[in-house]
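A closer look at the structure
The residues making up each chain are set out below.
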Amino acid sequence: MSFAVSPAPRTVLVTGATSGIGWETARLLAARGDTVIVHAPDQASGDDAVTRLAAAGADILRLRLVVADFSRLDEVRAMAARVAEEHPVLDVLVNNAAVAAPERRTVTADGNELSLQVNFLAAYLLTHELAGPLTARPGSRVVNVSSSMHRTASIAWNDPHRTKRYSRLAAYAQSQLALTVFAREQAPWTSVSVHPGVCDTGLLPLYAHEGDSALQGAECVVRLCDPATELVPGAYYDRRALSPAAPVAMEDRTVRRLCKLAEQLVAAKAA
């Protein structure tokens, strides 16, 4: 699949861009002529990702590396501040970073269950911290890379960190439902969520034994980043098709309740 070069270069931030769908998304966007801010969890993996992008044909002058461990919300805030300072205009934010929930319940230094924080709370915080750059130019987009597994999930409102009944699949699915619901928050930008397909990435064992290539998944994501693609605000896309999300994700009450919970959880250690 090929993409035409954008008529006007844009600035796009892709989280979790060191491997899999994130790296391929960064590569495809760079091929369009966009300035791509490549997020990595650490310096070494970030340097390696940028080197591989350049070797794949990306213009090194249009690549920017930012580093933040999403299991630490202070690093998310610091990264957002750096992005806002260096890029006062942000056209697209791709919330792609994700981890599989571990076999044993793991709590971050911020007090949150690991997959809930890395997969959802970090995206929530980053998006809000970047409100300035995202509203600097009309037509900005936020693309949340979610999962069809959100359909199997429920949000444990009274125990979001799963202290009483932990299951790695339930915890991961909860994070994907939260990310899908978050796309429906009222915002000055157009926000959507997408299931890029079951792809051969580090998350594959949660789904199946084999899947599509990471490139095929990335093509679904990049399509939603393309200004030529008309989006339905708050919508959920299954690969390239507009698809109804889980019924609970479509409830306005759930959106309000989730954002209130997220605000409380990201603010807990802000001081």
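Described below are features of the structure shown in this document. (Residues numbered from 1 in each chain as written. Predicted model: local features only at pLDDT ≥ 70, side-chain atom pairs only at ≥ 80, totals over all residues. Heavy atoms only, no water.)

**Structural notes on the overall build of the protein chain**
Within the protein chain one finds 8 helices and 8 strands. In the protein chain, buried positions account for 54% of the 271 residues. Split by element, the accessible area of the protein chain, about 11,800 Å² in all, is 52% carbon and sulfur. (Helix = DSSP H or I, 4+ residues; strand = E, 2+ residues; numbered from the N terminus. Buried < 20%, exposed > 50% of the residue type's maximum accessible area, 1.4 Å probe, protein only. Areas by Shrake-Rupley, 256 points an atom, 1.4 Å probe, with all protein chains shown as cover.)

**Remarks on the packing of helix 1 (residues 20-31) against helix 2 (residues 43-55)**
Two elements in contact, helix 1 and helix 2, have axes separated by 10 Å at closest approach and are oriented at 45°. Regarding the angle of helix 1 to helix 2, the classification is oblique. Crossing angle aside, the handedness with which helix 1 passes helix 2 is right-handed. Each of W23, A26 and R27 in helix 1 lies in contact with helix 2, whose residues at this interface are A49, R52 and L53. (Axes fitted to C-alpha atoms, helices over the stretch in contact; angles between N-to-C directions. Parallel < 35°, antiparallel > 145°, perpendicular 65-115°, else oblique. Left-handed = near helix turned anticlockwise from the far one by under 90°. Contact = heavy atoms within 4.5 Å.)

**Remarks on helix 1**
Compared with the 16 Å implied by 1.5 Å per residue over 12 residues, the 17 Å span of helix 1 between its first and last C-alpha is a close match. Counting buried positions along helix 1 yields 9 of 12 residues, so the element is predominantly enclosed. Among all positions of helix 1, only I21, G22, W23, E24, T25, A26, L28, L29 and A30 are buried. Summarising the contacts, the buried residues of helix 1 are in contact with strand 1 (11-14), strand 2 (35-40), helix 2, strand 3 (63-67) and helix 7 (214-225). In the stretch just after helix 1, G33 is the one whose phi turns positive, near 100°. (Expected span 1.5 Å × (residues − 1).)

**Focus: the pattern of salt bridges**
Scanning the entire structure with this criterion turns up 13 salt bridges. For R137, the salt bridge identified is with D91, shortest N-O distance 2.8 Å. Residue R137 is found in the loop between helix 5 (131-134) and strand 5 (141-145), and its partner D91 is found in the loop between helix 3 (73-86) and strand 4 (92-95); the two are separated by 46 residues along the sequence. You can call R137 partly exposed: its relative accessible area is 38%. Taking the relative accessible area as the measure of exposure, D91 reaches 8% and is therefore buried. (Salt bridge = Lys/Arg side-chain N within 4 Å of Asp/Glu carboxyl O.)

**Some details on the pairing of strand 5**
Counting buried positions along strand 5 yields 5 of 5 residues, so the element is predominantly enclosed. Of the two faces of strand 5, the one holding R141, V143 and V145 and the one holding V142 and N144 are both buried throughout. Bridge count between strand 4 and strand 5: 4 bridges; the pairing is parallel. When the bridges of strand 5 are listed, V92 appears paired with R141. (Pairing = 2+ DSSP bridges.)

**Concerning the side chain of N112**
Here N112 shows up in the loop between strand 4 and helix 4 (114-129). Not counting residues within four places of it along the chain, the set of residues in contact with N112 comprises L73, T106, V107, Q117, L121, H161 and L265.

**Focus: the sheet that holds strand 8 (residues 241-243)**
Whenever strands of a sheet pair, they do so through backbone hydrogen bonds, lying parallel or antiparallel. With mixed pairing, 8 strands are arranged side by side in an open sheet as 3-2-1-4-5-6-7-8. At either margin of the open sheet sits one strand with a lone partner, and together these are strand 3 and strand 8. Strand-to-strand twist across the sheet, computed as the mean angle between neighbouring axes with direction ignored, equals 25°. As judged from the 3 bridges shared by strand 1 and strand 4, these two strands associate in the parallel manner. In the sheet register, V12 faces strand 4, and the bridge partner there is V92. Across the face of the sheet, helix 2 comes into contact with strand 2 and strand 3 while running at roughly 165° to strand 3.

**Quick look at the packing of aromatic side chains**
One pass over the structure, following the stated rule, counts 3 aromatic pairs. Summarising the aromatic geometry, the rings of F120 and F182 are spaced 6.0 Å apart at their centres and angled 75° between planes, so their arrangement reads as edge-to-face. One end of the pair, F120, is in helix 4; the other, F182, is in helix 6 (residues 168-182), with 62 residues separating them in the sequence. Both residues of the pair, F120 and F182, belong to the buried class. Among the aromatic residues, ring-to-ring pairing joins F120, Y124 and F182 into one connected group. (Phe/Tyr/Trp six-rings, centres within 6.5 Å; stacked < 30°, edge-to-face > 60°.)

**Quick look at the nonpolar core**
Membership of the largest hydrophobic core comes to 49 residues, with the highest contact counts inside it found for L13, F70, M79, F120, L126 and L130. Those elements that provide at least two residues to this core are helix 3, helix 4, helix 6 and helix 8 (252-267). For this core, the element with the highest residue contribution is helix 4, accounting for 10 residues. Those residues in contact with F120, other than ones at most four positions away along the chain, are S115, S175, A178, L179, F182, L258 and A262. Formed by 33 residues, the second largest nonpolar core is a distinct cluster that contains V14, V38, A40 and Y237. (Core = buried A, V, L, I, M, F, W, Y, C linked by side-chain atoms within 4.5 Å.)

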